[in-house]
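Summary of the model geometry
Each chain, written out:
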Amino acid sequence: MTTSLLRGRILDFSGDPKGPDDTDCYSYIDDGALLITGGIITARGTFAEVSAQSPDAPVTDHRPHLLMAGFIDTHVHFPQIQVLASWGEQLLDWLSDYTFPAELKYADAQHARAMARRFYDQLTDHGTTTAVAYCSVHATSAEAFFAEAEARNMCMIGGKVMMDRNAPEGLCDTPQSSYDDTKALIETWHGRARGHYAITPRFAITSTPEQLEMAGALMRENPTCYMQTHLSENHDEIAYTASLYPDARDYLDIYESNGLLGPKALLGHSIHLEEREIDVIAATNSKPVFCPTSNLFLGSGLFDEGGLRARGITNGIASDIGGGTSYSMLQTLNEGYKVLQLRRQQMHPLRAFHWITRGNAVALGLEDKIGTLAVGSDADIVVLNAGATSATALRMETVETLSEELFVLQIMGDDRAIAQTYVAGVAQK
Ligand code: GUN
Ligand code: ZN
């Protein structure tokens, strides 16, 4: 088994920060070290301690950079990597004019495989080591997604979208074929290597009631799978959904009545929610996912992070590529900070960095494996250089505290701040 030792400044969260000065929620070691054995963190401490324990382990010295758990992106569309920066539309027109044509190409297994390689290259270049992804409707796209994740030993969650109406013919399955394809994909990929399956009815507009029933059956039959869908992103979407499901009490009721909610349900966007919907999300411990760059780019609205959190709800945060405009979870934090400013809410840097690491891991129920640098965790690690560009180096000249450094990364950081990314202990750059 290979052993290696990483040296650097170590920051690791153990709990949700209570406020900007909560020093109990993290540990920080100025000259720290992580011992990695067979892809797992097997020791953590000062460099002096850990190197004495394992004097023969080869050392990679990342000082003065910061070692943190790899970033986690809880909502991203794998077949939209060539959709970013498509001009001029809001959600429904953007889907039909740009997104669906791009997703049609994933019927071709060769295209899907080539794009999977480029997708993972982008993620690791940006410091993201786990993502929850929508694949296209084609089982081939999910095959490519999981196979490439396995080849790279990455912890990935995803599923083929189920969609049987209101989309081009080449993107429509049927209730039965979506059930059969999803079942077969779960059998092959769920729990294999570091993969997890997410049952993925795209959203109510592109599913008939019969298909959502099938999705509910899949959830009952596979309770360890995730469920991901979209909820209340845009006013036109909500009105159209209501017209398609006239008997539903509200948008969430469509998913609720099919048994799709629960702790493993990820509800992308969740912006324009009714009181009843918020109550149900809280009661079922479902997880809304904030996608700030997408919400601003598509003009969708301002997520009520503070309001939902005050109700005891755990929110994820995500890029939503390709409605989102950056793979970088740092840029996601930057735009998220601004969205919350417009709501008169705050995202302080401790909470921000907890959120894209341990916080998203908690939302996924995976905090024992990813999202922290605890002994026993998988060695998914990001190495951050807060002074990687001339502008950030200039700003860093006046930075005195860890929180200030984190805030520079949170607002000005992007892939240039990622000095290295490790997946299960293996350097990706
Ligand atoms: N709602 C349904 N599909 C999508 C999608 O691909 N992106 C976004 N942002 N919202 C959606
Ligand atoms: Zn989405």
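Everything below is about the structure shown above.
These numbers come from a predicted model, not from an experiment.

The rules behind these values
- Residues numbered from 1 in each chain as written.
- Chains lettered and ligands numbered in written order.
- Predicted model: local features only at pLDDT ≥ 70, side-chain atom pairs only at ≥ 80, totals over all residues.
- Heavy atoms only, no water.
- Salt bridge = Lys/Arg side-chain N within 4 Å of Asp/Glu carboxyl O.
- Helix = DSSP H or I, 4+ residues; strand = E, 2+ residues; numbered from the N terminus.
- Buried < 20%, exposed > 50% of the residue type's maximum accessible area, 1.4 Å probe, protein only.
- Axes fitted to C-alpha atoms, helices over the stretch in contact; angles between N-to-C directions.
- Parallel < 35°, antiparallel > 145°, perpendicular 65-115°, else oblique.
- Left-handed = near helix turned anticlockwise from the far one by under 90°.
- Contact = heavy atoms within 4.5 Å.
- Nonpolar A, V, L, I, M, F, W, Y, C, P; charged D, E, K, R; others polar.
- Near = heavy atom within 4 Å.
- Polar contact = N/O pair within 3.5 Å; in protein donor to acceptor, adjacent residues only side chain to side chain.
- Areas by Shrake-Rupley, 256 points an atom, 1.4 Å probe, with all protein chains shown as cover.
- Phe/Tyr/Trp six-rings, centres within 6.5 Å; stacked < 30°, edge-to-face > 60°.
- Lys NZ or Arg CZ within 6 Å of the ring centre and 35° of its normal.

Pairing of side chains with opposite charge becomes possible as their charged atoms draw close. This model, assessed by the stated rule, comprises 22 salt bridges. Of the charged contacts in the structure, one is a salt bridge between R152 and D121, with a shortest N-O distance of 2.7 Å. Within this pair, whereas R152 is found in helix α4 (residues 139-152), its partner D121 is found in helix α3 (residues 109-125), the two being separated by 31 residues in sequence. Residue classification places R152 among the buried residues on the basis of a relative accessible area of 18%. Residue D121 is classed as partly exposed on the basis of its relative accessible area, which comes to 36%. In this structure, R311 engages D279 in a salt bridge whose closest nitrogen and oxygen atoms are separated by 2.5 Å. A residue pair is termed long-range when its members are at least 10 positions apart, and R311 in the loop between α11 (305-310) and β13 (316-317) and D279 in helix α9 (residues 275-284) qualify at 32 residues.

What follows is about the packing of helix α13 (residues 349-364) against helix α15 (residues 402-412). For the pair α13 and α15, interaxial distance at closest approach is 9 Å and the crossing angle is 60°. The angle between the axes of α13 and α15 places the two elements in the oblique class. As for how α13 packs across α15, the hand of that crossing is left-handed. From α13, P349, L350, A352 and F353 reach across to α15, where they touch S403, L406, F407, L409 and Q410. For the contact of α13 with α15, the residue count by class is seven nonpolar, two polar and no charged.

The environment of ligand 1 is made up of H77, Q80, L91, W94, L95, R202, F203, H230, E233, H269, L298 and D320. At 3.5 Å from a nitrogen atom of ligand 1 is found a side-chain nitrogen or oxygen belonging to H269. Burial of ligand 1 by the protein chains amounts to 100% of its free accessible area of 280 Å². When residues of the shell around ligand 1 are assigned to their parent elements, the largest contribution, three residues, is made by helix α2 (residues 91-104). Along the lines of polarity and charge, the residues of the shell around ligand 1 split into five nonpolar, four polar and three charged.

For the structure shown, the criterion picks out 14 aromatic pairs. Ring centres 6.2 Å apart and planes at 40° place the aromatic pair F78 and F145 in the tilted group. You can see F78 sitting in the loop between β5 (71-77) and α2 and its partner F145 sitting in helix α4, a full 67 residues away along the chain. Taken individually, F78 and F145 each receive the classification buried, so the pair is uniform in this respect. Here Y337 and F407 contribute two aromatic rings whose centre-to-centre distance is 5.1 Å and whose plane-to-plane angle is 65°, an arrangement assigned as edge-to-face. With a gap of 70 residues between them, Y337 in helix α12 (residues 329-342) and F407 in helix α15 connect regions that are remote in the sequence. Exposure remark for F407: the relative accessible area of 29% places this residue in the partly exposed category. The rings of F78, Y106, F119, Y120, F145, F146, W189 and Y197 are connected pair by pair, giving a single aromatic cluster. R7 extends its terminal NZ or CZ atom over the ring of F47, reaching a point 3.6 Å from the ring centre.

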